[in-house]
Amino acid sequence: MELTQILLRALLGLAAGCVGGLAGLGGSIIMIPALAMFWGYDDEDRTKHHLYMAAAMCVNVIVALSSSVFHSKKGAARRDVLVPLIPSMAIGMIAGVLLSSGSKGGWSLYAFAVFIWIYCLYNIVSTIRKVPDIPEDVPSPAAWKIVLAGLFVGAIAGYLGIGGGILLVPILSLTKLPLRHAIAGSAGAMWISSIVGASMKLYTLPGLGLSISEALSFALPMGAGALVGAYLGAMLAHKLKLPHLKLVIALILGVASVRMIT
């Protein structure tokens, strides 16, 4: 692989990590549209979308793990949340990956675009109408609620090739879990479920006529860039007005998703 290609993929990871650190996003929602736009597809079924999903899911492991370590040091992760959340999300992730790999790449692509549009709408509404946080001393939700949340989010994340944090955090908040603990719980479960999901996705690639090594050729430089980008984004998050920034990012993603499917 040429040095130019390595640098381009590292820069993509850097941008994804930086935006993720700024706005609390996972890397896939940035990386997959960019991969689709700049590297494109080889056939009408857009089979290569599965390869892009696999690469992004590998990077999710790195980003989620670094985030989880940070939250663990801050003491924000609740053990009684992680114990039911981790296995349920991993099981959901496996189901989602298997369902995705049995379908055409175009179907996953369109589903991903719709997901981005829903996220953009949510971002616009939450920016205009701020939702009050839940006090941090409230008890953890019932285990069955956490299990259902993990299964649901894991299945969607596995099908779309995302980490799932941008969906899991608001759903955990709906179960009356404080936002800081919801973010920590999401990161703690996501890096483990992302390992499961990425491994499953890589395993299914040869059956689709795709190369595991090619997926890793995207994932490794993007992962290196994402680590640096996430650190820069976390620093900038304390200096910029995040509500307005998240709104701009949502609009950019909306436009990118339209370009991705046309």
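Draft legend 1. Region of the structure containing the packing of aromatic side chains. On inspection of all chains with the given rule, the structure shows three aromatic pairs. Aromatic side chains Tyr-41 and Tyr-52 sit 5.8 Å apart centroid to centroid with 55° between the ring planes, which places their arrangement in the tilted category. With Tyr-41 in the loop between helix H2 (28–39) and helix H3 (48–73) and Tyr-52 in helix H3, this pair connects stretches of sequence that are 11 residues apart. A network of ring pairs unites the aromatic residues Trp-39, Tyr-41, Tyr-52 and Phe-218 as a single cluster. The lysine or arginine in question, Arg-9, covers the ring of Phe-218, its NZ or CZ lying 3.7 Å from the ring centre.

Draft legend 2. Focus on the pattern of salt bridges. The full count for this structure, using the stated rule, is one salt bridge. Where Lys-48 meets Glu-214, a salt bridge forms, and the shortest distance between an N and an O atom there is 3.6 Å. Of this pair, Lys-48 sits in helix H3 while Glu-214 sits in helix H9 (residues 212–236), and the two are 166 residues apart along the sequence. Judged by its relative accessible area of 30%, Glu-214 falls in the partly exposed class.

Draft legend 3. Seen up close, the side chain of Thr-47. By the secondary structure assignment, Thr-47 is in the loop between H2 and H3. Assessed through its relative accessible area of 18%, Thr-47 is described here as buried. Ignoring anything within four residues of it in the chain, the contact list for Thr-47 reads Leu-208 and Leu-210.

Draft legend 4. Expanded view of the side chain of Lys-201. Note on placement: Lys-201 falls in helix H8 (residues 179–204). Judged by its relative accessible area of 0%, Lys-201 falls in the buried class. A polar contact of 3.2 Å, which involves the side chain of Lys-201, links it to the side chain of Ser-100. Among the polar contacts listed, one links the side chain of Lys-201 to the side chain of Ser-101, at a separation of 3.4 Å. With residues near it in sequence (within four places) discarded, Lys-201 still touches His-50, Met-53, Ala-54, Met-57, Val-97, Ser-100 and Ser-101.

Definitions and limits used
Residues numbered from 1 in each chain as written. Predicted model: local features only at pLDDT ≥ 70, side-chain atom pairs only at ≥ 80, totals over all residues. Heavy atoms only, no water. Phe/Tyr/Trp six-rings, centres within 6.5 Å; stacked < 30°, edge-to-face > 60°. Helix = DSSP H or I, 4+ residues; strand = E, 2+ residues; numbered from the N terminus. Lys NZ or Arg CZ within 6 Å of the ring centre and 35° of its normal. Salt bridge = Lys/Arg side-chain N within 4 Å of Asp/Glu carboxyl O. Buried < 20%, exposed > 50% of the residue type's maximum accessible area, 1.4 Å probe, protein only. Contact = heavy atoms within 4.5 Å. Polar contact = N/O pair within 3.5 Å; in protein donor to acceptor, adjacent residues only side chain to side chain.

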